[in-house]
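What follows is the residue order along each chain.
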Amino acid sequence: MIRLQQLCKRYQLGDEPVQALDHVDLRINAGEYLSVMGPSGSGKSTLLNMLGLLDQPDSGEYWLDELEMTALSEEGRAAERNRRIGFVFQAYHLIDRLSARENIELPLVLNGTTPSERRPRVNELLQRLGLERHAEHLPHQLSGGQRQRVAIARAVIRKPQLLLADEPTGNLDSHSGNDVIELLEELNAEGITLVMVTHDAAMGRRARRRLWMQDGQLLKDEQDAHA
Ligand code: ADP
Ligand code: ADP
């Protein structure tokens, strides 16, 4: 499903160039569950942003299905991103003035789904995530774990094929963090490809495939034997 070929990304930090991604080769099959680990500054978020079409590499190729993402225009990338990719961030990024329901619904509003089609899909997700009683609450009225569940619901409401999570439990206590990971794993079990950046080794070990990065390079790619 995903093929990265010799992907490079350099940033300028003052006078210092930083090689955030250094000739990264990577293949990911549909339905895989990967964690990405490594020290701070090793390029994990940059890799995730590339996969999520939030950023363009300086060189190299990114193929998603049979499409070369690196050959698309900005508009083309945005269209593919909206259609295929969901994001979950450490800081939730919910809209403060919108209720849980409205936050979850937003991607469908933006792509022109009619209210009568939106309602059952949002209700199904609210129920599934145990958020029905909180549907009309604003983000500040929710716990961290509930906020992250709303963010995950918003990320999957359009049924993306790829779900990218950057430290999704970074702001949560271990109990609600565990709930969030279990939810992500459930979505993966249903077929969504899941790539999760974490610096929590215990969390990272739960993934069937684990990547380690250092200085912008893939240092290790470890996979459980297939059952
Ligand atoms: P990680 O997620 O592993 O902490 P990042 O991908 O965030 O690593 O960063 C990799 C390197 O690229 C770091 O040295 C970081 O300082 C640098 N970097 C990342 N994003 C930017 C940016 N927007 N501008 C300048 N440097 C950046
Ligand atoms: P399914 O018949 O298994 O629901 P779909 O084609 O409807 O499959 O959805 C494709 C993918 O979108 C699923 O594998 C799942 O990861 C995600 N998905 C579908 N429905 C939901 C839902 N209600 N909540 C969260 N994710 C969903």
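Here the structure is a predicted model, which is why all the values come from computation and not from measurement.

(A) Inspection of the site of ligand 1 at higher detail. Close contacts around ligand 1 come from Tyr11, Leu13, Val18, Ala20, Pro39, Ser40, Gly41, Ser42, Gly43, Lys44, Ser45 and Thr46, and that covers them all. Contact between ligand 1 and Gly41: an oxygen atom at 2.7 Å from a main-chain N or O atom of the residue. Lys44 is positioned such that a nitrogen or oxygen atom in its side chain is 2.8 Å from an oxygen atom of ligand 1. In isolation ligand 1 exposes 550 Å². Once the protein is present, 66% of that is buried. The leading source of residues in the shell around ligand 1 is helix α1 (residues 44-51), at three residues. Partitioning the shell around ligand 1 into residue classes produces five nonpolar, six polar and one charged.

(B) Examining α1 more closely. Within α1, six of the eight residues are buried, leaving the element largely enclosed by the surrounding structure. Taken together, the buried positions of α1 are Lys44, Thr46, Leu47, Leu48, Met50 and Leu51. After α1 finishes, the residue Leu53 shows a positive phi value of roughly 60°.

(C) Structural view of the sheet that holds strand β9 (residues 209-214). The strand order across the open sheet formed by six strands is β6-β7-β8-β3-β9-β10, and the pairing between neighbours is mixed. Both outer strands of the open sheet, β6 (85-89) and β10 (217-223), are each paired with one neighbouring strand and no more. Put simply, the sheet's adjacent strands are angled 15° from each other on average, direction ignored. In the sheet, β9 pairs with β10 via six bridges, with the strands oriented antiparallel. Bridged to Trp212 within β10 is Lys220. In the packing of helix α2 (residues 74-84) onto the sheet, contacts are made with β6 and β7 (162-166), and the angle to β6 comes to roughly 75°.

(D) Geometry of the pattern of salt bridges. With the rule as written, the count across this model stands at 16 salt bridges. Linking Arg84 and Glu80 is a salt bridge whose minimum nitrogen-to-oxygen distance equals 2.5 Å. Here the residue Arg84 and the residue Glu80 both occupy positions in helix α2, the gap between them amounting to four residues, near one helical turn. Glu80 gets classed as buried once you look at its relative accessible area, which sits at 12%. Of the charged contacts in the structure, one is a salt bridge between Arg210 and Asp224, with a shortest N-O distance of 3.1 Å. Of this pair, Arg210 sits in strand β9 while Asp224 sits in the segment after β10; the two residues are 14 residues apart in sequence, bridging distant segments of the chain. Look at Arg210 and you get buried, because its relative accessible area is 7%.

(E) The arrangement of the sheet that holds strand β5 (residues 67-68) in detail. Spatial strand order, β2-β1-β4-β5: four strands in an open sheet with antiparallel pairing. This sheet does not close on itself; its edge strands, each paired only once, are β2 (16-28) and β5. Most of the contacts of α1 go to strand β1 (residues 2-13), to which it runs at about 125°, and overall it touches β1, β2 and β4 (59-64).

The rules we used
Residues numbered from 1 in each chain as written. Chains lettered and ligands numbered in written order. Predicted model: local features only at pLDDT ≥ 70, side-chain atom pairs only at ≥ 80, totals over all residues. Heavy atoms only, no water. Near = heavy atom within 4 Å. Polar contact = N/O pair within 3.5 Å; in protein donor to acceptor, adjacent residues only side chain to side chain. Areas by Shrake-Rupley, 256 points an atom, 1.4 Å probe, with all protein chains shown as cover. Helix = DSSP H or I, 4+ residues; strand = E, 2+ residues; numbered from the N terminus. Nonpolar A, V, L, I, M, F, W, Y, C, P; charged D, E, K, R; others polar. Buried < 20%, exposed > 50% of the residue type's maximum accessible area, 1.4 Å probe, protein only. Pairing = 2+ DSSP bridges. Axes fitted to C-alpha atoms, helices over the stretch in contact; angles between N-to-C directions. Contact = heavy atoms within 4.5 Å. Salt bridge = Lys/Arg side-chain N within 4 Å of Asp/Glu carboxyl O.

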